[in-house]
Amino acid sequence: MSNGLRRKLTSYGDQGFSLFLRKAFIKAMGYSDDALDRPIVGIANTYSDFNPCHGNVPQLIEATKRGVMLTGAMPMVFPTISIHESFASPTSMYLRNLMAMETEEMIRAQPMDAVVLIGGCDKTLPAQIMAAASSEIPAIFLPTGPMAVGHHKGERLGACTDCRRFWGRFRAGEIDEAEIADVNNKLASSIGTCTVMGTASTMANLTEVMGLCLPRAASAPAVESERVRLAEETGRVAARLAMDEAAPTVRDILTPQAIRNGLVALQAMGGSTNAVVHLAAITGRLGLRLDMAELDRLGRSIPLLVDLQPSGQHYMEQFHEAGGVPALLKAVRHEIDGSAPTVHGRTIGEIIDAVIDGPGQTIIRTVEKPLKPIGTIAVLHGNLAPRGAVIKQSAASKDLLQHIGRAVVFDSVEDMTLRIDSDDLDVHPDDVLVLRNAGPKGAPGMPEAGYLPIPRKLARQGVKDMVRISDARMSGTAFGTIILHIAPEAADGGPLAIVRTGDRIRLDVEGRRIDLDIEQAEFDRRMLDVVNRPSPAPARGYAKLYQERVLQADEGADFDFLQSEELDAR
Ligand code: FES
């Protein structure tokens, strides 16, 4: 049986007194002894006025509580950090580890037999999965779901690929102030997460693929009744987990097979490059390393199947109508390990077997008739990226995937911001834009600055894409021929630090290489100046902890002391 309120007693040196005191205080809320004797399901509340992607959390919590109580357990809601992409300075990524630590410690500190983690905006589900992977109790996840699409002049609009598309048109002078203001009113037409295959959709889908939430919980729209019913059912499952001493934990669900299933789906769905960093952090919590070679191999054999922006045309509500994650898994069944377990008891294979094909749907294609013949993400190496880099080749320009160009170097995000739109900037369409000192330590927080804007003077000439390389990340909603996550980063002694404006850079996506085209002796000579360059550390607080302990992108940009096979026995 569960321990309920008896778990994790506060330390007063007298366990009987600790329980007596705990019950005395909690009875101030009006609970009966019967209620307090039940198994407890914790529900993490990530509602925040700063987080519209979580605007439906109060309703989801009510429905989850209903499911828990209908099954005979006791729901207890507790607050945690909430992170929205546009309301997190310097970056949401900088705060992901803080949310993961805080969520883990709150799960660990408070008496609960199972936990429901409700999240959605980009960094929240990854932070919660990292936390739960480091916890010893069962957990089930409930994504908040994608927002509704908007409309403008007969076109559908979705945050946030269309945010970038319209901003690019505004920068190029194609639309005026009045129209961009009108578009601004319509891009996020309801609460919920970005409705394209950005990081939020990708991570929700991966949560479902890896068996951590209910089938179809990744894609049901945020504002539809189906999502509320899924919340109720999530509460029921959580209660059953709380009552079962042998219930699986997240570590039991996240087997190597489940993670590989996630990589298969990532390649087939046109998923965000950010998922690679988050999966590396999650596997690091399990004492594993993300198999980047396998990710790349899968990208060569599994084509892009899902027709969603930014790699395709449509939005999450169409993906949901087409069958969502179960239908996607059926389309790549030959690469999926159907024996992988799930938190709700059925195997992934059983979920696939229950899929009823949607007649005539074209959103989730077949391997025989894919949207594009290549997978989503390619993993690059080369003298510029000794520990790897990634490119979302499905959202890149085909004619730039093999390219040699002159480097135009920006030393930091600030430097880029100051100079990119200058009429004096010496830049041409065939050049390669280089941004450095924008990685985990360099920025800090690895901002989504890898989507360098096309310099204004080129944008006005109609240039839509250029090769851009950096140690930064890119929003999953963005598109272009953009090489990201170069590791190690410039601020940590990586060779990106030695590139000079005017050098030649060679990109060979087919050969999976990104190289600085200079003599080896010159390369080595320049590296001597870089290796020992210290990066400045803040004087205090979380910023100091972050700078001193954050890992590189290939290790998930987690903190070194959080990546372990061992669970903390507290
Ligand atoms: Fe929250 Fe896009 S801003 S999911």
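- The name an unreviewed UniProt entry gives the chain is IlvD/Edd family dehydratase, with Rhizobium indigoferae as the organism.

## Regarding the overall build of the chain
Then step 1. Per the secondary structure count, the chain includes 20 helices and 14 strands.
Then step 2. For the chain, whose C-alpha radius of gyration is 24 Å, the value lies close to the compact-globule estimate of 25 Å for 570 residues.
Then step 3. For the chain, the spread of C-alpha atoms along the principal axes amounts to about 75 × 55 × 50 Å.
Then step 4. Each of the 570 residues in the chain was classed as buried or not, and the buried ones make up 60%.
Then step 5. Taking as baseline every contact in the chain between residues at least 6 positions apart, the subset at least 24 positions apart corresponds to 75%.
Then step 6. Carbon and sulfur atoms make up 52% of the accessible area of the chain, which amounts to about 21,900 Å² in all.
Then step 7. Taken together, the 61 basic and 72 acidic charged side chains of the chain have centroids lying 1 Å from each other.

## Some words on the packing of aromatic side chains
Then step 1. Applying the stated criterion across every chain yields a total of eleven aromatic pairs.
Then step 2. Here Tyr 94 and Tyr 542 contribute two aromatic rings whose centre-to-centre distance is 5.1 Å and whose plane-to-plane angle is 75°, an arrangement assigned as edge-to-face. Residue Tyr 94 is located in helix α4 (residues 92-109), and its partner Tyr 542 is located in helix α20 (residues 541-549); the two are separated by 448 residues in the primary sequence.
Then step 3. Here the aromatic rings of Phe 559 and Phe 561 are separated by 5.6 Å at their centres, their planes lie at 20°, and the arrangement is stacked.
Then step 4. When its relative accessible area of 0% is taken as the criterion, Phe 559 is described as buried.
Then step 5. Judged by relative accessible area, Phe 561 falls into the partly exposed class, the value being 35%.
Then step 6. Pairwise contacts between aromatic rings join Tyr 94, Tyr 542, Tyr 546, Phe 559 and Phe 561 into one cluster.
Then step 7. Over the aromatic face of Tyr 451 sits the side chain of Arg 164, whose NZ or CZ is 5.6 Å from the ring centroid.

## Some thoughts on the side chain of His 344
Then step 1. Here His 344 lies in the loop between α15 (324-331) and α16 (348-353).
Then step 2. Among the polar contacts made by the side chain of His 344, one reaches the side chain of Thr 342 at a distance of 3.1 Å.
Then step 3. Among all residues touching His 344, those that are not within four sequence positions of it are Cys 213, Leu 214, Pro 215, Val 237 and Ile 351.

## Let's talk about the pattern of salt bridges
Then step 1. According to the stated counting rule, one finds 54 salt bridges in the structure shown.
Then step 2. Residues Lys 8 and Glu 136 are paired through a salt bridge, measuring 2.9 Å at the closest nitrogen-oxygen approach. Remark: Glu 136 occurs in the loop between α5 (124-133) and β4 (139-143) and Lys 8 occurs in the segment before α1 (15-26); sequence separation between them is 128 residues.
Then step 3. The exposure class of Lys 8 is partly exposed, given its relative accessible area of 25%.
Then step 4. Of the charged contacts in the structure, one is a salt bridge between Glu 233 and Arg 236, with a shortest N-O distance of 3.9 Å. Placement of both Glu 233 and Arg 236 in helix α9 (residues 225-243) is noted, with a separation of three residues, approximately one turn of the helix.
Then step 5. The network of salt bridges with common partners includes Arg 66, Glu 232, Glu 233, Arg 236 and Arg 240.

## Notes on the pairing of β4
Then step 1. Along β4, five of the five residues are buried, which leaves the element largely enclosed by surrounding structure.
Then step 2. Alternating residues of β4 divide into Ala 139, Phe 141 and Pro 143 and Ile 140 and Leu 142, and every residue in both groups is buried.
Then step 3. Sheet topology note: the strand β3 (residues 114-119)/β4 ladder contains five bridges and is parallel. Note that in β4 the partner of Val 116 across the bridge is Ile 140.
Then step 4. Remark: the β3/α5/β4 crossover connection has right-handed handedness.

## Overview of the environment of Asn 56
Then step 1. Within the fold, Asn 56 resides in the loop between β1 (40-45) and α3 (57-70).
Then step 2. Every residue in contact with Asn 56, bar those within four places of it in the chain, is listed here: Thr 144, Ile 191, Ala 222 and Arg 227.
Then step 3. Polar contacts involving the side chain of Asn 56 include one to the main-chain carbonyl oxygen of Ala 222, which spans 3.2 Å.

## Some details on the sheet that holds strand β12 (residues 482-484)
Then step 1. Read from one edge to the other, the open sheet built from eight strands follows the order β7-β8-β12-β11-β10-β9-β13-β14, with strand pairing classed as mixed. The sheet terminates laterally at β7 (377-380) and β14 (513-516), the two strands that pair on one side only. This sheet shows a mean twist of 25° between the axes of neighbouring strands, independent of strand direction.
Then step 2. Bridging between strand β10 (residues 432-435) and strand β11 (residues 467-470) involves four bridges; their strand directions are parallel. The residue of β11 that forms the bridge with Val 432 is Val 467.

## Details of α9
Then step 1. Its 19 residues give α9 an end-to-end C-alpha distance of 28 Å, which sits within 8% of 27 Å, the value for a rise of 1.5 Å per residue.
Then step 2. Within α9, burial applies to Arg 227, Val 228, Leu 230, Ala 231, Glu 232, Thr 234, Gly 235, Val 237, Ala 238, Ala 239, Leu 241 and Ala 242.
Then step 3. In this structure, the buried residues of α9 make contact with β1, α3, β3 and β4.

## Structural notes on the nonpolar core
Then step 1. If you look at the biggest cluster of nonpolar residues, it comprises 107 residues, and the most contacted ones within it are Val 41, Phe 141, Leu 206 and Phe 319.
Then step 2. It is α9 that provides the largest number of residues to this core, a total of eight residues.
Then step 3. In this view, Phe 319 contacts Asn 205, Ser 219, Val 306, Leu 308, Gly 324, Val 325, Leu 328, Ile 363 and Ile 364; residues no more than four positions away in its chain are not counted.
Then step 4. Of all hydrophobic cores here, the second largest spans 30 residues; its members include Leu 380, Val 409, Ile 469 and Ala 490.

## A closer look at the UniProt feature "domain: Dihydroxy-acid/6-phosphogluconate dehydratase N-terminal" (unreviewed entry) in the chain
Then step 1. In the numbering used here, UniProt assigns the feature "domain: Dihydroxy-acid/6-phosphogluconate dehydratase N-terminal" (unreviewed entry) to residues 38-350.
Then step 2. When the span residues 38-350 is considered, its composition is 48% helix and 9% strand, and the gap between its end C-alpha atoms is 32 Å.

## Section: the sheet that holds β1
Then step 1. One open sheet holds the four strands; their spatial order is β2-β1-β3-β4, and the pairing between them is parallel. In this open sheet, the two edge strands, each paired with only one partner strand, are β2 (74-79) and β4. Strand-to-strand twist in this sheet, taken as the mean axis angle between neighbours without regard to direction, amounts to 20°.
Then step 2. Contacting β1, β3 and β4, α9 runs over the sheet at an angle of about 175° to β4.

What counts as what
- Residues numbered from 1 in each chain as written.
- Predicted model: local features only at pLDDT ≥ 70, side-chain atom pairs only at ≥ 80, totals over all residues.
- Heavy atoms only, no water.
- Helix = DSSP H or I, 4+ residues; strand = E, 2+ residues; numbered from the N terminus.
- Rg over C-alpha atoms; globule rule 2.2 N^0.38 Å.
- Buried < 20%, exposed > 50% of the residue type's maximum accessible area, 1.4 Å probe, protein only.
- Contact = heavy atoms within 4.5 Å.
- Areas by Shrake-Rupley, 256 points an atom, 1.4 Å probe, with all protein chains shown as cover.
- Lys, Arg positive; Asp, Glu negative; His and termini not counted.
- Charge placed at Lys NZ, Arg CZ, Asp CG, Glu CD.
- Phe/Tyr/Trp six-rings, centres within 6.5 Å; stacked < 30°, edge-to-face > 60°.
- Lys NZ or Arg CZ within 6 Å of the ring centre and 35° of its normal.
- Polar contact = N/O pair within 3.5 Å; in protein donor to acceptor, adjacent residues only side chain to side chain.
- Salt bridge = Lys/Arg side-chain N within 4 Å of Asp/Glu carboxyl O.
- Pairing = 2+ DSSP bridges.
- Right-handed = clockwise from strand over helix to strand, strands pointing away.
- Axes fitted to C-alpha atoms, helices over the stretch in contact; angles between N-to-C directions.
- Expected span 1.5 Å × (residues − 1).
- Core = buried A, V, L, I, M, F, W, Y, C linked by side-chain atoms within 4.5 Å.
- UniProt positions renumbered as here; feature names shortened; annotations may be inferred.

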